[in-house]
Amino acid sequence: MEPRLVKGDGSPEASLELTMPEMRSMCDDAMRRVMDHLGSIGQQHARGDVTHEDAVSLCRSMREGAPETGSPLAPLLDAYFGEWLPHTLTTNGPGYMAYVPGGGIFPAAIADFVSDTTNRFTGAWFASPPLVQLEANVLDWLRAWMGFPPETRGVFTTGGSTATFNGIVCAREKLLGPDIRRGVLYTSTQAHHSVKKSARLAGIADDRIRALPVDERFRMRIDALESAIAEDRRAGLVPFLVVSAAGTTNTGAVDPLDTVADVCARERMWHHVDGAYGAFFHACEELRPLLAGLSRADSLTLDPHKGLFLPYGTGALLVRDGAALRAVHAASADYLPGGTPPDMYDPSEHGPDLSRGFPGLRVWLTVKIFGAARLRAAIAEKRILAVEAAARIARIPGVVMVALPQLSLFAFHVTWPGASREDENTATRAVLERVGARGRVLLSGCNVAGRELARVCVLSFRTRSANIDACVEDVAAAVAEVSRR
Ligand SMILES: *Cc1c(COP(=O)(O)O)cnc(C)c1O
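About the criteria used
For every chain, the first residue of the written sequence is number 1, and numbering continues from 1 onward in sequence order. Where local features are concerned, this predicted model is filtered to residues with pLDDT of at least 70; where side-chain atom pairs are given and counted, the filter is 80 or more; whole-chain, interface and lining totals use all residues. Excluded from the side-chain calculations are hydrogens and water; all other atoms, namely the structure's heavy atoms, are used. Numbering of helices and strands runs from the N terminus, with a helix taken as a DSSP run of H or I at least four residues long and a strand as a DSSP run of E at least two residues long. Put simply, the radius of gyration uses C-alpha atoms, and a globule should come to 2.2 Å times the residue count raised to 0.38. Here the term buried applies to any residue with accessible area under 20% of the maximum for its type, exposed to any over 50%, and partly exposed to those in between, with areas from a 1.4 Å probe on protein chains only. Any pair of residues with heavy atoms lying within 4.5 Å of one another is described as a contacting pair. Accessible surface area values rest on a Shrake-Rupley calculation with a 1.4 Å probe, where residue burial reflects the displayed protein chains alone. His is not counted, nor are the chain ends; Lys and Arg add positive charge and Asp and Glu add negative charge. Every charge is mapped onto a representative atom, which is NZ of Lys, CZ of Arg, CG of Asp or CD of Glu. Being near a molecule or strand, for a residue, comes down to having at least one heavy atom within 4 Å of it. N or O atoms within 3.5 Å of each other form a polar contact, as long as, within protein, one can give a hydrogen and the other can take it, and as long as residues adjacent in sequence are counted only when both atoms are side-chain atoms. Here, strands pair whenever DSSP counts at least two bridges between them. We call a crossover right-handed when, viewed with the strands running away from us, the connection from the first strand over the helix to the second turns clockwise. Nonpolar core, defined: a set of buried Ala, Val, Leu, Ile, Met, Phe, Trp, Tyr and Cys residues in which side-chain atoms within 4.5 Å join the residues together.

## Overview of the overall build of the chain
Part 1: Across its full length, the chain holds 15 helices and 11 strands.
Part 2: Scaling as 2.2 N^0.38, a compact globule of 485 residues should have a C-alpha radius of gyration of about 23 Å, and the chain matches this with 25 Å.
Part 3: In terms of principal-axis extent, the alpha carbons of the chain reach across some 85 × 55 × 50 Å.
Part 4: Per-residue burial over the chain gives 47% buried out of 485 residues.
Part 5: The contacts in the chain between residues at least 6 apart in sequence include a share of 75% that link residues at least 24 apart.
Part 6: With an accessible surface of roughly 23300 Å², the chain has 56% of that area assigned to carbon and sulfur atoms.
Part 7: One finds the centroid of the 52 positive side-chain charges in the chain at a distance of 5 Å from the centroid of its 56 negative side-chain charges.

In structure tokens, the structure reads:
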């Protein structure tokens, strides 16, 4: 049966346009709540109330079908801010030193509002030339900060994982072509799990991934890399890619990037650096020696939503041989005009998306509003705060520092005379739990070779020295409590 035809403009329900006063009032309402939220961010519980059973029953109680009729905005925002947000980790708070923080810097939200409402198409150059140029400018700023050459091309991604995925595909296409199955990828046991996942998505099966052992500072062992490559060559396989880390998530270790670059040059392999956590420290000239060799990589994962403090949803990939990135993604369609001038950047020819948001604008506006110098000062300060926190926590009786900050992340565990590994693991987990329950600071842990570690990662732009004081005090109190039992 034919659907009943409604005369054009006949039915008010068919219009989704809001009036100017309606839109203004929605903005005011949202803005007031955001300001209340941000105004009290320093007093909010750093962990939030995320008890597992409560979260499960809350989520079950929330399940509902799509509403048939609409609702005003106010009660929906009431629920978001009042009922749901308190049951989430306070990832934008100053006490958030768990995992790898970022913060969610404010100008990016303005950029999103502007780009979402103007809704320009930035997937291809022809539709929004000057806006795409802004994105090209930002990618070029990232390139310069990372010390990559002018022929580098990049693409904004949804995060570090997808950037690494694209980097692996570039290496695979360039060095393996269609003969994927013999290719072998090398990384360390400390690599982020997204490396293995990205490899699998890129057609590199688990049995072609070598997770190499690390040294006493959790960095990839070059002797192990060289012998694994030699062994695979003897077996008739094709070593093609090393994925090293500019700061691991577990302990913040920076692999010997310069030496890996030497090995890759000699072996004619691709070097991808996972800088999702650490790459932005390279923007600070005085910190570049900590990441020596990063600028020699063939490709680099960056996460502006970590080291540049942006809201979640912004990763980036840089590829030194820009033509290799383009070769993987360039495609044309009969209905697209094509003919982009050769010196113009076309996002859809450098990444998998066609229609997409406008990630460049949030980064562009943030850098324009603050200026690069101020952002660098914030990045450098996070390292200073971490170094200071590590020195103070190392002096707490019962703390064994396992990884000093190479960038802004360090890890430790708890001990006392006669404690077994099991005791230490239990106590270290208990310290994390107590610090989290106190609510001023949130830390997270990791397990490295059977040993539980507590880790402190300072990377939120909101974390300042008062929060470091709180962190040191709360760790000291928790360590004293757990080792007094
Ligand atoms: C966070 C992180 C990733 C993953 O990045 P996403 O943006 O979460 O996808 C990869 N590697 C390292 C070292 C990270 O810290």
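## Concerning the site of the ligand
Part 1: Every one of the 14 residues lining the ligand counts as a neighbour, but Gly160, Ser161, Asp274, Asp303 and Lys306 are closest to it.
Part 2: Between the ligand and the protein, one listed contact pairs an oxygen atom with a side-chain N or O atom of His305 at 2.7 Å.
Part 3: One of the side-chain nitrogen or oxygen atoms of Lys306 is found 2.8 Å away from an oxygen atom of the ligand.
Part 4: Isolated, the ligand exposes 370 Å² of accessible area, and the fraction of that covered by the protein chains is 85%.
Part 5: Listing elements by their share of the shell around the ligand, those giving two or more residues are helix H6 (160-175) and helix H10 (304-307).

## Quick word on the pairing of strand E3 (residues 209-212)
Part 1: Taken together, the 4 bridges between strand E2 (residues 183-188) and E3 define a ladder with parallel strand orientation. Residue Thr187 lies in a different strand from E3, and its bridge partner there is Ala211.
Part 2: In this fold, E2 hands off to helix H7 (residues 193-201), which returns the chain to E3; that crossover is right-handed.

## Things to note about the nonpolar core
Nonpolar side chains tend to gather and get buried jointly when the protein is soluble and globular.
Part 1: Formed by 72 residues in total, the largest nonpolar core has its most connected members in Met146, Leu185, Leu294, Leu300 and Leu302.
Part 2: Per element, the largest residue contribution to this core is 7 residues, and it comes from helix H5 (residues 129-145).
Part 3: Apart from the residues lying within four places of it in its own chain, the contact partners of Met146 are Ala279, Phe280, His282, Ala283, Leu294, Ser295, Leu300, Leu302 and Leu318.
Part 4: Counting 28 residues, the second largest nonpolar core, distinct from the first, contains Leu443, Ala454, Val456 and Val458.

Structural measurements only, silent on function.
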